[in-house]
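# A look at the structure
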Amino acid sequence: MTEVVTEPNVPQQAERRLTIEGLCKTYGSGSNAKTVLDGLTFDVNAGEFVCIVGPSGAGKTTLLKCLSGLLPPTSGRACLDGEAITGPPEKLALVFQEYTRSLMPWLTVEKNITLPLRNKGVSKRERGERTREALEAVSLADSRRHYPWQLSGGMQQRVAIARALAYQPEVLVMDEPFASVDAQTRFELEDLAQRVRAQFGVTVVFVTHDIDEAVYLADRVVVLGSSPCRVREIIPVNLAAPRDQVRTKADPAFTELRSRVFELIRKG
Ligand SMILES: Nc1ncnc2c1ncn2[C@@H]1O[C@H](COP(=O)(O)OP(=O)(O)OP(=O)(O)O)[C@@H](O)[C@H]1O
């Protein structure tokens, strides 16, 4: 198991990166209307790692879509650096669970990463530099000329993370990014997520079904309730850094936190 060696790069003075204010989302209308999000309010500070957990079908993906500007809220708003999010912000990148659908199989690893940068108008020299740095950060520099289908699932997800990092986002939004890989790879990717957060100073909003993963990674865990989805509790995670898969998970404070999150989710 990889030990995380870098201290998290969280600013001392909390600066709000994302603000979610009374966010509501109703799908459909009239007799078909279904309110999924019901007045969600919370903040995410710059450089913070916030995990979002909640019962299945609670509305976690709906929340991320509103945060990413892919879906307009019915009322309330999400703001990035004080500005209401009304479309996909330049400063935000997304990583999904389904890496097989997000990577283009006919392009090499390198080209998968440079394409969005090219579309953004980044110069060729800078594209090359950013791609090299991002691939080094995820330990895939030697695989740059491979195609995604030549790589394992965990490696493909690392390519997706590298692509997001090369975009140099302020906020990285991850929707169950490690749900499709085996347990060992998942632990390695969790530690990678911590390292890149520290290295790039990026703010991370991370949805997961895995309570251990949420407590292990987060500075704070936002626990959502369902039907309709509201913020049930926001739990600060003051576990020692750097976190370690064996030592941290054996810490009684970790066990206590995971039990607390589990109890909250079980209430629905
Ligand atoms: N486009 C849509 N139109 C209508 N209802 C939708 C739409 N998208 C999601 N829903 C409903 O909204 C609710 C929340 O879905 P969402 O995918 O946001 O939950 P989730 O917490 O991410 O789920 P899971 O834990 O299973 O990943 C579900 O009941 C779902 O059926």
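Note that the coordinates shown come from a computational prediction; the quantities given were computed from them, not determined experimentally.

### Section: the sheet that holds strand β9 (residues 220–225)
- Strand order in the open sheet formed by 6 strands is β6-β7-β8-β3-β9-β10, with mixed pairing between adjacent strands. Looking at which strands have only one partner, the edges of the open sheet turn out to be β6 (92–95) and β10 (230–236). Here the strands of the sheet are splayed against their neighbours by 20 degrees on average, with no regard to which way each runs.
- Of the pairings in the sheet, the one linking β6 to strand β7 (residues 171–175) comprises 4 bridges and is parallel in character. Residue pairing for β7: Leu92 is matched across the bridge by Val171.

### Re the nonpolar core
- By size, the foremost hydrophobic cluster in this structure holds 73 residues, and its most contacted members are Val50, Ala162, Val221 and Val261.
- The dominant element in this core, judged by the number of residues it contributes, is helix α5 (residues 153–166), at 7 residues.

### Regarding the pairing of β9
- As paired strands, strand β3 (residues 49–53) and β9 are joined by 4 bridges and run parallel to one another. In the strand pairing of β9, Val53 is matched with Val223.
- Here 6 bridges tie β9 to β10, and the two strands are oriented antiparallel to one another. Its bridge partner being in β10, Val222 is matched across the sheet by Ile234.
- Connecting the antiparallel pair β9 and β10 is a turn made up of 4 residues, with Ser227 showing a positive phi of about 55 degrees.

### A few points about unusual backbone geometry
- The residue after Ser227, namely Pro228, is reached through a cis peptide bond having omega -10 degrees.
- Along the polypeptide, Pro228 turns up in the loop between β9 and β10.
- In this structure, Pro242 follows Ala241 across a cis peptide bond, with omega equal to 0 degrees.
- Within the secondary structure, Pro242 sits in the loop between β10 and α8 (247–250).
- Of note in the backbone geometry, Glu176 takes a positive phi value of approximately 45 degrees without being a glycine.
- Within the fold, Glu176 resides in the loop between β7 and α6 (183–200).
- The exposure class of Glu176 is partly exposed, given the 19 C-beta atoms found within 10 Å.
- Phi is positive for Ser227, close to 55 degrees, though the residue is something other than glycine.
- Tracing the backbone through its elements, the reader meets Ser227 in the loop between β9 and β10.

### Some thoughts on the environment of Leu117
- For Leu117, the location among the structural elements is in helix α3 (residues 109–119).
- You can call Leu117 buried: it has 21 C-beta atoms within 10 Å.
- In sequence terms Leu117 and Gly128 are 11 residues apart; their C-alpha atoms lie 9.8 Å from each other.
- If we skip the residues at most four places from it in the chain, Leu117 touches Val122, Arg127, Arg130, Ala166 and Tyr167.

### Focus: the site of the ligand
- Every residue near the ligand is listed here: Tyr27, Lys34, Val36, Gly54, Ser56, Gly57, Ala58, Gly59, Lys60, Thr61 and Thr62.
- Elements with a minimum of two residues in the shell around the ligand: β2 (34–45) and α1 (60–67).

### With respect to α5
- If you check α5, its first and last C-alpha atoms are 20 Å apart, about what 14 residues at 1.5 Å a residue would give, namely 20 Å.
- In terms of burial, α5 is largely enclosed, as 11 of its 14 residues are buried.
- Buried residues of α5: Gln156, Gln157, Arg158, Val159, Ala160, Ile161, Ala162, Arg163, Ala164, Leu165 and Ala166, and no others.
- In this structure, the buried side of α5 is in contact with β6, α2 (99–102), α3, α4 (124–137), β7 and α6.

### Digging into the UniProt feature "domain: ABC transporter" (unreviewed entry) in the protein
- The UniProt entry lists residues 18–251 under the feature "domain: ABC transporter" (unreviewed entry), expressed in the numbering used here.
- The span residues 18–251 is 34% helix and 26% strand, and its two end C-alpha atoms sit 31 Å from each other.

### A closer look at the sheet that holds strand β4 (residues 75–80)
- The 4 strands lie next to each other as β2-β1-β4-β5, forming an open sheet whose pairing is antiparallel. Single-partner strands in this sheet number two, and they are β2 and β5 (83–84).
- Sheet topology note: the β4/β5 ladder contains 2 bridges and is antiparallel. Of the residues in β5, the one forming a bridge with Leu80 is Glu83.

Criteria and thresholds
- Residues numbered from 1 in each chain as written.
- Predicted model: local features only at pLDDT ≥ 70, side-chain atom pairs only at ≥ 80, totals over all residues.
- Pairing = 2+ DSSP bridges.
- Helix = DSSP H or I, 4+ residues; strand = E, 2+ residues; numbered from the N terminus.
- Axes fitted to C-alpha atoms, helices over the stretch in contact; angles between N-to-C directions.
- Core = buried A, V, L, I, M, F, W, Y, C linked by C-beta atoms within 7 Å.
- Buried ≥ 20, exposed ≤ 12 C-beta atoms within 10 Å, placed from the backbone.
- Contact = placed C-beta atoms within 7 Å.
- Near = placed C-beta within 6 Å.
- Expected span 1.5 Å × (residues − 1).
- UniProt positions renumbered as here; feature names shortened; annotations may be inferred.

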